[in-house]
Amino acid sequence: MLDFEIAQQRLAQGARPVTGTTSIGLSEASGRVLAETIIAGVDLPPGDNSAMDGYAIRYCDFASDVSLPIQQRCFAGDMPAPLIAGQATRVFTGSLIPEGADTVVMQEYAVEQDGGVRFTEAPRSGQHVRLRGEDIAAGQPLLDVGTRISPAHIALLASQGIAEVRVFDRLRVGILTTGDELVAPGQLRAPQQIFNSNAAMLAALVEGMGAQAAEVVHAADDEQALREALSSLVAQCDLVLTVGGVSVGERDLIKPVLESLGGDLALWKVRMKPGKPMALAHVNGKPVVCLPGNPGSVYAVFTVMVTPLIRRMQGRAEVFPLVARIPLRTERTLHEAREVFLRVRYVLNDQGIAELLPYGSQGAGNIGAMPGANGLARLAADVAVSDRDRVAYYDLQRWLV
Ligand code: AMP
Ligand code: MG
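What you are looking at is a predicted structure, and each value in this text was computed from that prediction instead of being measured. (Residues numbered from 1 in each chain as written. Chains lettered and ligands numbered in written order. Predicted model: local features only at pLDDT ≥ 70, side-chain atom pairs only at ≥ 80, totals over all residues. Heavy atoms only, no water.)

(A) Seen up close, the sheet that holds strand S6 (residues 88-91). Strand order in the open sheet formed by six strands is S7-S4-S6-S5-S9-S8, and the pairing between neighbours is mixed. A strand with exactly one partner marks an edge of an open sheet, and here the two such strands are strand S7 (103-106) and strand S8 (110-113). The sheet shows a mean angle of 40° between the axes of neighbouring strands, taken without regard to direction. Two strands pair when backbone bridges link them, and strand S4 (residues 54-57) and S6 are joined in this way by three bridges, in the antiparallel orientation. For Gly 54, the partnering residue across the bridge sits in S6 and is Val 91. (Pairing = 2+ DSSP bridges. Helix = DSSP H or I, 4+ residues; strand = E, 2+ residues; numbered from the N terminus. Axes fitted to C-alpha atoms, helices over the stretch in contact; angles between N-to-C directions.)

Written out as structure tokens, the structure is:
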């Protein structure tokens, strides 16, 4: 049996990142992986400007009950003239601060009368002025290679005037499901058949990570059909995922087929539940990951074992998302010789403290409880876990993106 951590590491290192890159516009950049470093080209803000609607003055010109003549009105987007000593400039949020001014008084503390303004409260020197470069200074490193671009990154890029970025090409993932008993949803099902749920689920999981489910193929449990499907997927994709047919049943043909294609195959009995068996092979240098067939196993194994490999191949810097330690609620003490991944719901108790509740049936073949669980709790092998003990929590919202 292979230790979970070791298997996870080996998988994550099972392939190199894609090398192809493309330049794309910001409107298409969300979720893509940056393939260049971004250095700030301009100061932000580019000039001193007002954080409030009000009046820009020299701090030293303030005196209570003294009215300062209003020299000019400067709207956001206007270029103000230098401030004449002893006068004020009417400004608005985002207006440039005229040269010579250093302080803004909010309009709420100002009384405008006969072309002049007096203030009802003493200002603090420099207040309500956003200084040039105080947010971002030109020359400052902004983003690294491997950043997965979020809406916040897009705001940052746009604020720099950057319209296009270089990103890694989308990872092309091929999916092969196997089994004589399976029929595609939408097709007629014979009584001895079941609908193929893994194909659509895996395609959605892959797309949810920003990769491309480039080819989704089903093959019967037949050596010839499997060999053809696999060699075509390997030729067209960066990574191939196979489902089922990898245990030791008489019709479990994935292993001999991969070997006949020249794959260096490592078959693992990973010390985890659900999950074993699984395999990693390389055919013509392309990684092929073989997953067990039960949909519950596919979901869990994909989450904890396959997503790090996908993230690495996508060129992402963060391969292993955070794993929090959170108290688990359990009526009985749990103790197993394998790592156990329980489907759980993350809830808040009366005091607003996070807890994990085991959710629904835990059977590897069961799909009914999958949508209601929002994470996986990992119980370490050979460790007794009692009510409220902290366990590792794999949050699907972190791990499946
Ligand atoms: P296998 O590893 O091929 O023996 O499959 C294990 C179990 O998972 C069997 O009960 C299969 O019917 C089921 N299974 C395999 N592939 C799929 C699939 N694509 N969709 C739904 N169930 C599947
Ligand atoms: Mg099968």
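(B) Quick peek at helix H2 (residues 151-159). The complete set of buried residues in H2 reads His 153, Ile 154 and Leu 157. Down the axis of H2, the buried side of the element spans an arc of 100°, and every buried residue falls inside it. Residues of H2 that are exposed and angled more than 90 degrees away from the buried face: Pro 151 and Ala 152. Considering only its buried residues, H2 is in contact with strand S2 (38-39), strand S11 (141-143) and strand S12 (164-168). Residue Gly 161 follows H2 closely and has a positive phi angle near 80°. (Buried < 20%, exposed > 50% of the residue type's maximum accessible area, 1.4 Å probe, protein only. Arc of directions from axis to C-beta. Contact = heavy atoms within 4.5 Å.)

(C) Broad picture of the pattern of salt bridges. Applying the stated criterion to the full structure yields 16 salt bridges. Here Arg 73 makes a salt bridge to Glu 112, at a shortest N to O gap of 3.4 Å. Taken together, the residues Arg 73 in strand S5 (residues 68-74) and Glu 112 in strand S8 connect sequence positions 39 residues apart. A relative accessible area of 42% places Arg 73 in the partly exposed class. Judged by its relative accessible area of 37%, Glu 112 falls in the partly exposed class. Taken together, the salt bridges that share partners define one network made up of Arg 329, Glu 355, Asp 387 and Arg 388. (Salt bridge = Lys/Arg side-chain N within 4 Å of Asp/Glu carboxyl O.)

(D) Representation of the sheet that holds strand S18 (residues 266-268). Ordered by their spatial adjacency, six strands build an open sheet running S16-S13-S17-S21-S20-S18, and the pairing between neighbours is mixed. Strands at the two margins of the open sheet, each flanked by one partner only, are strand S16 (212-219) and S18. With strand direction ignored, the average angle separating the axes of adjacent strands in the sheet is 15°. Bridging between strand S13 (residues 172-178) and strand S17 (residues 239-243) involves five bridges; their strand directions are parallel. Residue pairing for S17: Leu 176 is matched across the bridge by Thr 242. Its contacts with the sheet put helix H3 (residues 198-208) on S13, S16, S17 and strand S21 (286-291), and the angle it makes with S16 is roughly 165°.

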